[in-house]
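# Per-entry structural report
Listed here are the chains, written in short residue letters.
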Amino acid sequence: MRQDLILHRGGWEATKADLASVPVPEPTTSYHPVPYNRFVEEVELHVPRFGLTILSQEYALARDGAQMFGVLTCTNGHKAGDYALAIGLRNSCDRSLSVGLVAGTRVFCCDNLAFSGEVAMARKHTANVFRDLPDLIYRMLSQVTVMKARTDEEIAGMKVLPVSEERAHHLMVRAIRSNVLPASRLPKLIEAWDEPKHPEFEPRTAWSLFNAFTEIQKGASPRAQMEGSLRLSSLFRTEMARP
């Protein structure tokens, strides 16, 4: 497994066989847990219907197997360039998480992930969840093409948008206040911005700063990384729209 769902803080990498082996609680009148492997298989079934090809799959378990997270990296048949589509999955068998999907991007050079809240699906483990799940997945993936076009435009804009040291530091403070990352990670974030590991991020642009953030997010638990990424995308979308 690559560095997407860093697991040293509350989880461990898992295979699809591991997902299938997690015991599923018996359903009740109000609670109908969705087995992890069934959720994954349903997503795999729908992805090709939208012209997407799965390049890689990575999974993690947390809380003694009570929570599951995953990332499918996909292309749409065109040249991938320096990033590709990422589909995040999460589920639980202890009622702590709804069964859900969220779409975003994966940056190849550093294998960073960023999820957007624009295209997402979530369904509680209640009656008729198995009936509703295929349609929810289908509708979520049908929005991905629109999201991808907007993401392409946003990334292209960030790559040519200069960011001064003053603005970079302002965004770092805003990120902490917005719970994108804890204040304890600020020194590492400054280091990632001042001394980027990859030449692609040496220009002082919004794209380089964005990837400094996603580099630091690798140190979070699976759940914190996914949720922090959603907040990060929202923060940058708002801040970059300002003059």
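Bear in mind that the values here come from a model prediction, so they are computed numbers and not experimental data. (Residues numbered from 1 in each chain as written. Predicted model: local features only at pLDDT ≥ 70, side-chain atom pairs only at ≥ 80, totals over all residues. Heavy atoms only, no water.)

## Things to note about unusual backbone geometry
Residue R63 is not a glycine yet carries a positive backbone phi of 50 degrees. Within the fold, R63 resides in the loop between β2 (53-62) and β3 (67-75). R63 sits in the partly exposed class, given a relative accessible area of 47%. Even without a glycine there, the phi angle at D64 is positive, about 60 degrees. Mapped onto the elements, D64 comes out in the loop between β2 and β3. Classification of D64 as exposed rests on a relative accessible area of 77%. (Helix = DSSP H or I, 4+ residues; strand = E, 2+ residues; numbered from the N terminus. Buried < 20%, exposed > 50% of the residue type's maximum accessible area, 1.4 Å probe, protein only.)

## A word on the nonpolar core
Formed by 32 residues in total, the largest nonpolar core has its most connected members in F39 and L101. Mapped by element, the contributors of at least two residues to this core are α2 (36-46), β2, β3, β4 (83-92), β5 (99-107), β6 (112-123), α3 (129-142) and α4 (144-159). When residues in this core are grouped by element, the largest group, six residues, is from α3. Setting aside residues no more than four positions away along its own chain, L101 makes contact with F39, V43, I87, G88, L89, V119, A120, M121, I137 and M140. By size, the runner-up hydrophobic cluster in this structure holds 28 residues, among which are Y83, W193, F201 and A212. (Core = buried A, V, L, I, M, F, W, Y, C linked by side-chain atoms within 4.5 Å. Contact = heavy atoms within 4.5 Å.)

## Remarks on the packing of aromatic side chains
This model, assessed by the stated rule, comprises five aromatic pairs. Ring plane angle 70 degrees and centroid distance 6.4 Å describe the contact between F201 and W207, whose orientation is recorded as edge-to-face. Each member of the pair, F201 as well as W207, is classed as buried. Centre to centre, the rings of F213 and F236 are 5.7 Å apart; their planes meet at 85 degrees, and the pair counts as edge-to-face. Placement of the pair is F213 in helix α7 (residues 206-217) and F236 in helix α8 (residues 222-240), with a sequence separation of 23 residues. (Phe/Tyr/Trp six-rings, centres within 6.5 Å; stacked < 30°, edge-to-face > 60°.)

## Re the packing of α2 against α3
With their axes 10 Å apart at the nearest point, α2 and α3 run at an angle of 40 degrees to one another. As the angle between them shows, α2 and α3 are arranged oblique. The way α2 lies across α3 gives a crossing that is right-handed. Here R38, F39, E42, V43 and H46 of α2 come into contact with α3, specifically with F130, L133, P134, I137, Y138 and L141. (Axes fitted to C-alpha atoms, helices over the stretch in contact; angles between N-to-C directions. Parallel < 35°, antiparallel > 145°, perpendicular 65-115°, else oblique. Left-handed = near helix turned anticlockwise from the far one by under 90°.)

## Things to note about the confidence of the model for the protein
In low-pLDDT segments, the atomic positions of the prediction should not be examined closely. With 93% of its residues at a pLDDT of 70 or more, the protein shows a mean pLDDT of 87. Mean pLDDT values over the elements of the protein span from 80, in strand β1 (residues 11-14), up to 96, in helix α6 (residues 186-194). Segment residues 1-9 is flagged for pLDDT under 50; beyond a separation of four residues in sequence, or across chains, it makes 38 contacts in the model. (pLDDT = per-residue confidence, 0-100.)

## A word on the pairing of β5
Burial analysis of β5 places nine of its nine residues in the buried class, which makes it a mostly covered element. By the bridge criterion, eight bridges tie β4 to β5 in an arrangement that is antiparallel. Looking at β5, one finds that L85 is bridged to T105. For β5 and β6, the ladder comprises eight bridges, and the chain directions are antiparallel. By the bridge assignment, G100 is partnered in β6 with A122. In sequence, β5 turns back onto β6 through a hairpin of four residues, with D111 there showing a positive phi of about 60 degrees. (Pairing = 2+ DSSP bridges.)

## A few points about the pairing of β2
The pairing of β2 with β3 spans nine bridges and is classified as antiparallel. Considered in β3, the bridge of L61 is made with M68.

## Focus: α4
When the terminal C-alpha atoms of α4 are compared, their 22 Å separation across 16 residues agrees well with the 22 Å that a helix rising 1.5 Å per residue should span. Along α4, the positions that sit buried rather than exposed are V144, M147, T151, I155 and M158. Viewed along the axis of α4, the buried residues span an arc of 65 degrees, placing them on a single side of the element. In α4, the exposed residues that point more than 90 degrees away from the buried face are T145, V146 and E153. (Expected span 1.5 Å × (residues − 1). Arc of directions from axis to C-beta.)

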